[in-house]
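# Residue-level structure breakdown
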Amino acid sequence: MPTTPLDGFEPLSTLYELEPVAGEPLPPLLAAAYDGGLRFPSAPIRRTRPYVIANFVETIDGVVSYSTAPGVAGGGAISGESAPDHMLMGLLRAYADVVIFGAGSLREDRGHVRIPTFVFPSYADAYAELRRALGKTAPLPLNLVMSASGALDFDEPTFHTPGLHVVIATTQAGAERLAERLLPDGVDVRVIPPGVSGDTTQVDPLAMLDLLAREYGVRLALNEGGPRTLASFLAAGALDELFLTLAPQLAGRNDVTRRLALLEGLAFAPGQAPWATLLSVKRAGSHLMLRYRLPAHP
Ligand SMILES: NC(=O)c1ccc[n+]([C@@H]2O[C@H](COP(=O)([O-])OP(=O)(O)OC[C@H]3O[C@@H](n4cnc5c(N)ncnc54)[C@H](OP(=O)(O)O)[C@@H]3O)[C@@H](O)[C@H]2O)c1
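Before going into details, it helps to say that this report is about the structure given with it. The shown structure was predicted, so the numbers you read here are calculated from the model rather than taken from an experiment.

## Considerations on the site of the ligand
Lining the immediate environment of the ligand, one finds 29 residues, of which Ser105, Arg107, Ser147, Ser149 and Arg228 sit closest. Between glutamate 108 and the ligand, the recorded distance is 2.7 Å, taken from a side-chain N or O atom to an oxygen atom. Surface burial for the ligand is 90%, taken as the share of its 910 Å² of free accessible area covered by protein chains. The set of elements that each furnish at least two residues to the shell around the ligand consists of β2 (51–59), β3 (63–65), α4 (103–108), β5 (142–147) and α9 (227–235). Here the shell around the ligand takes five residues from α4, the largest share from any one element. Split into classes, the residues belonging to the shell around the ligand amount to 10 nonpolar, 14 polar and five charged.

## A short note on helix α6 (residues 124–133)
For α6, every residue scored as buried is listed here: Ala126, Tyr127, Leu130 and Arg131. The buried side chains of α6 occupy one side of the element, clustering within an arc of 140° when seen end-on. Residues of α6 that are exposed and point over 90 degrees away from its buried face: Asp125 and Arg132. Residues of α6 that are buried in the fold lie against α1 (28–34), α3 (83–95) and α5 (116–119).

## Some words on the side chain of aspartate 97
When you line up the elements, aspartate 97 lands in the loop between α3 and β4 (98–102). Looking at aspartate 97, the relative accessible area reads 18%, which means it is buried. Apart from the residues within four sequence positions on either side, aspartate 97 is in contact with Lys136, Pro141, Leu142, Gly217, Val218, Arg219 and Leu220.

## Points about the sheet that holds β5
Spatially, 10 strands are ordered β1-β11-β12-β9-β2-β8-β4-β5-β6-β7 in an open sheet, and the strand pairing comes out mixed. Sheet topology places β1 (13–17) and β7 (187–191) at the edges, where each strand pairs with a single neighbour. This sheet shows a mean twist of 20° between the axes of neighbouring strands, independent of strand direction. For β4 and strand β8 (residues 220–223), the ladder comprises three bridges, and the chain directions are parallel. Paired with isoleucine 100 across the bridge in β8 is asparagine 223.

The rules behind each value
- Residues numbered from 1 in each chain as written.
- Predicted model: local features only at pLDDT ≥ 70, side-chain atom pairs only at ≥ 80, totals over all residues.
- Heavy atoms only, no water.
- Near = heavy atom within 4 Å.
- Polar contact = N/O pair within 3.5 Å; in protein donor to acceptor, adjacent residues only side chain to side chain.
- Areas by Shrake-Rupley, 256 points an atom, 1.4 Å probe, with all protein chains shown as cover.
- Helix = DSSP H or I, 4+ residues; strand = E, 2+ residues; numbered from the N terminus.
- Nonpolar A, V, L, I, M, F, W, Y, C, P; charged D, E, K, R; others polar.
- Buried < 20%, exposed > 50% of the residue type's maximum accessible area, 1.4 Å probe, protein only.
- Arc of directions from axis to C-beta.
- Contact = heavy atoms within 4.5 Å.
- Pairing = 2+ DSSP bridges.
- Axes fitted to C-alpha atoms, helices over the stretch in contact; angles between N-to-C directions.

Dropping the structure here:
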């Protein structure tokens, strides 16, 4: 296996690291492409849930999706199909025990399968080697779709990818709707009990993470959005880190063309909004790959 990034792919270069990482099990190809090691807390910081990271790409002006335009709703139009960004997406998926995403992303970013090789197939061997080095027995991270309604399209390739175990985390009403459908093989439907708020119309992220830790052995969860799913995690205090690629593009928006920002459906009051700590800054061309730690929650 080559130990330098493949031809035509610009590796990341590290501009800043709060705590330099050494001695990590990144295979040489990934270490070269990422320009260094990558570490997550080995023991869960909070015993009741896995460590949770999120990964997004946004424009300079904070847009994450051209969601009103058919065929360009996904992050690829935002990143400019950036190979370094795709490599990073694959790397984080390879690290993860589960990739969590909302039903909205499944509906709008059609055909996308949230496994490492879907976004960066040329690093398939390196991602597989990383999972082995990390001691992960499953070749692919579990995929978890959050849906209150249970209104899902089972023709999506996510439900027909060999070896991909999919969990639908839903409400009682969503499960009743799903019970009327013929589910593809390898798909679990889990009704998540209401959290402390008692809200039965939404899935409580903390209760869902607790189930993932207890029944699926999840220690590292990757939230891939979209903005409403990310907001529900932040509202619950269930996010430890955010990986944010800043693409050098200005998308804009107006009253007619509404475009989603990083967080939707959640508005913190001034003074209550969480402040993050910058952990690292990497660069690939004019793209910036930022990594933040979110404040600890009780
Ligand atoms: N740039 C990026 O990095 C990036 C990343 C991800 C997504 N995106 C884009 O973002 C857009 C979609 O974003 P979005 O915010 O509209 O959708 P989303 O967050 O993907 O999905 C929202 C839906 O997920 C379900 N959901 C989320 N949180 C829930 C909870 N706590 N309990 C129960 N159900 C929950 C609900 O499904 P039901 O309606 O079924 O109840 C909700 O309507 C797409 O265009 C996608 O391509 C961009």
